[in-house]
Amino acid sequence: MDKRAAVTNEPIGVQDPRRFCEILRKNLIPIAVWHRDGRIRDANDAYFKMVGYSRDELRQGEVRCDRITAPEHLHRDEYAINELVSGRKVCAVFEKDYVCRNRGRVPVLLGGVLVPGRCDQGIAFVLDLAKPISARNAVQAQRDVIQQLCASVVGEERAPDI
């Protein structure tokens, strides 16, 4: 495995890399950069905290979409990827379970976009459904963050409604 491809500190080819990296590092929501072959190329600290893996384990190839997604939900990932490859700018948001390092499960709401110009790499934006949400405006704030992230990737002022 090419260790350089596993984790990168360079912008991921998004239309507004500065804006994207700023949002990524704020850890407002878990974010992962994935490859269609199952690898997670990079993720923010909020993502690592949610799934219980470390950045070192990512570098070693232990954090993979096809390993941390509950087996019965793998088809949902494939459906979302096919949506994106067929031309949608943002995949329909969907629910699935992550299987964490401790073998526990975390229900999540996931949305994503392809990296511009690529059909084999994308960015997943995740909302941990196991955390209690106390108010409707908290959900709207998360939705707004996801839309901002999507917009920074596809190079628009505002991403399509999700």
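Computed from a predicted structure; not experimentally measured.

> Please explain the overall build of the protein as it appears in this structure.
On a plain count of helices and strands, the protein comes out with 7 helices and 5 strands. Counting the 162 residues in the protein, one finds 48% classified as buried. Total accessible area computed for the protein in this model is approximately 8600 Å², and 48% of it derives from carbon and sulfur atoms.

> Teacher, can you tell me more about the side chain of Arg41 here?
For Arg41, the location among the structural elements is in strand S2 (residues 40-43). For Arg41, a relative accessible area of 14% corresponds to the buried category. A polar contact of 2.3 Å, which involves the side chain of Arg41, links it to the side chain of Gln121.

> I tried to follow the sheet that holds strand S5 (residues 121-128) on my own but got confused; where do I start?
Hydrogen bonds between backbone atoms are what pair the strands of a sheet, whose relative direction is either parallel or antiparallel. What the 5 strands build is an open sheet, ordered S2-S1-S5-S4-S3; its pairing is antiparallel. Both outer strands of the open sheet, S2 and strand S3 (94-99), are each paired with one neighbouring strand and no more. Put simply, the sheet's adjacent strands are angled 35° from each other on average, direction ignored. Where strand S1 (residues 31-35) lies against S2, 3 bridges are found, and the strand directions are antiparallel.

> How should I be thinking about the packing of aromatic side chains in this particular structure?
Two aromatic rings are characterised by how far apart their centres lie and by the angle between their planes. A complete count under the given rule lists 1 aromatic pair for this structure. Residues Tyr47 and Tyr98 carry aromatic rings whose centres are separated by 5.7 Å and whose planes lie at 85° to one another, so their mutual orientation is edge-to-face. Here the residue Tyr47 occupies a position in helix H3 (residues 45-51), and Tyr98 occupies one in strand S3, the gap between them amounting to 51 residues. What makes Tyr98 buried here is its relative accessible area of 3%.

> Any chance you could explain the pattern of salt bridges here in plain terms?
Where charged atoms from two side chains of opposite charge approach closely, those side chains can pair. Applying the stated rule across the entire model yields 12 salt bridges. One salt bridge connects Arg101 with Glu57, and the closest N-O pair in it is separated by 2.4 Å. One end of the pair, Arg101, is in the loop between S3 and strand S4 (105-114); the other, Glu57, is in helix H4 (residues 55-59), with 44 residues separating them in the sequence. Salt bridges sharing common partners tie together Asp42, Asp45 and Arg55.

> Would you explain the pairing of S1 in this entry?
Consecutive residues of a regular strand have side chains that alternate between opposite faces of the sheet. Burial analysis of S1 places 5 of its 5 residues in the buried class, which makes it a mostly covered element. Side-chain alternation along S1 places Ile31, Val33 and His35 on one buried face and Ala32 and Trp34 on a second face that is also buried. Here 5 bridges tie S1 to S5, and the two strands are oriented antiparallel to one another. From the neighbouring strand, Val33 faces S5, where its bridge partner is Ile123. Hairpin connection of S1 to S2: 4 residues between the antiparallel strands, including Gly38 at a positive phi of 110°.

> Please clarify how the side chain of Gln121 should be interpreted in this entry.
In this structure, Gln121 sits in strand S5. The residues touching Gln121, leaving out its near neighbours within four places in the chain, are Trp34, His35, Arg41, Leu114 and Val115.

> What's the story with the nonpolar core in this structure? I'm lost.
Across soluble globular proteins, you tend to see nonpolar side chains buried next to one another. In terms of nonpolar packing, the biggest core is built from 26 residues, with Trp34, Ile40, Tyr47, Met50 and Tyr98 touching the most fellow members. Elements that contribute at least two residues to this core include exactly S1, S2, H3, helix H5 (65-68), helix H6 (74-85), S3, S4 and S5. Counting 9 residues, the second largest nonpolar core, distinct from the first, contains Ile29, Val33, Val90 and Ile123.

> How should H6 be read in this particular structure?
Since the α-helix turns once every 3.6 residues, residues separated by three or four places project in the same direction. Compared with the 16 Å implied by 1.5 Å per residue over 12 residues, the 17 Å span of H6 between its first and last C-alpha is a close match. Along H6, the residues that are buried comprise Asp77, Ala80, Ile81, Glu83 and Leu84. For H6, the arc enclosing every buried residue in end-on projection is 155°, short of the 170-degree limit, so these residues lie on one face. Opposite its buried face, H6 presents the exposed residues His75 and Tyr79, each directed more than 90 degrees away. Elements that come into contact with the buried residues of H6 comprise S1, S3 and S4. Within two residues after H6, Gly87 carries a phi angle of roughly 120°, on the positive side.

What counts, and at which threshold
All residue numbers refer to position in the chain's written sequence, counted from 1. Totals for whole chains, interfaces and linings use every residue, but because this is a predicted model, local features are given only for residues with pLDDT of at least 70 and side-chain atom pairs only at 80 or more, for both listing and counting. Just so you know, side-chain values use all the structure's heavy atoms and leave hydrogens and water out. In this description a helix means any DSSP run of H or I spanning at least four residues, a strand means any run of E spanning at least two, and both kinds are numbered starting from the N terminus. Only protein chains enter the accessibility calculation, which uses a 1.4 Å probe; a residue whose area is less than 20% of its type maximum is buried, one above 50% is exposed, and one in between is partly exposed. Only the protein chains shown count as cover for residues, with accessible areas throughout obtained via the Shrake-Rupley method and a probe of 1.4 Å. As used in this structure description, the phrase polar contact means that two N or O atoms lie within 3.5 Å; if the pair is within protein, one of them must be able to donate a hydrogen and the other to accept it, and residues adjacent in sequence are counted only when both atoms belong to side chains. Only strands joined by at least two bridges in the DSSP assignment are considered to pair. Simply put, an axis is a line fit to the C-alpha atoms, just over the touching stretch for a helix, and the angle between two N-to-C directions goes from 0 to 180 degrees. When two rings of Phe, Tyr or Trp (its six-membered ring) have centres within 6.5 Å they constitute a pair, described as stacked for plane angles under 30 degrees, edge-to-face for angles over 60, and tilted for the intermediate range. Each reported salt bridge corresponds to a side-chain nitrogen of Lys or Arg within 4 Å of a carboxyl oxygen of Asp or Glu. In this analysis, two residues are considered to be in contact whenever any of their non-hydrogen atoms come within 4.5 Å of each other. Put simply, buried Ala, Val, Leu, Ile, Met, Phe, Trp, Tyr and Cys residues joined by side-chain atoms within 4.5 Å make one nonpolar core. One fewer than the residue count of a helix, multiplied by 1.5 Å, yields its expected span. The arc under discussion is defined with respect to the helix axis, by the directions toward the C-beta atoms.

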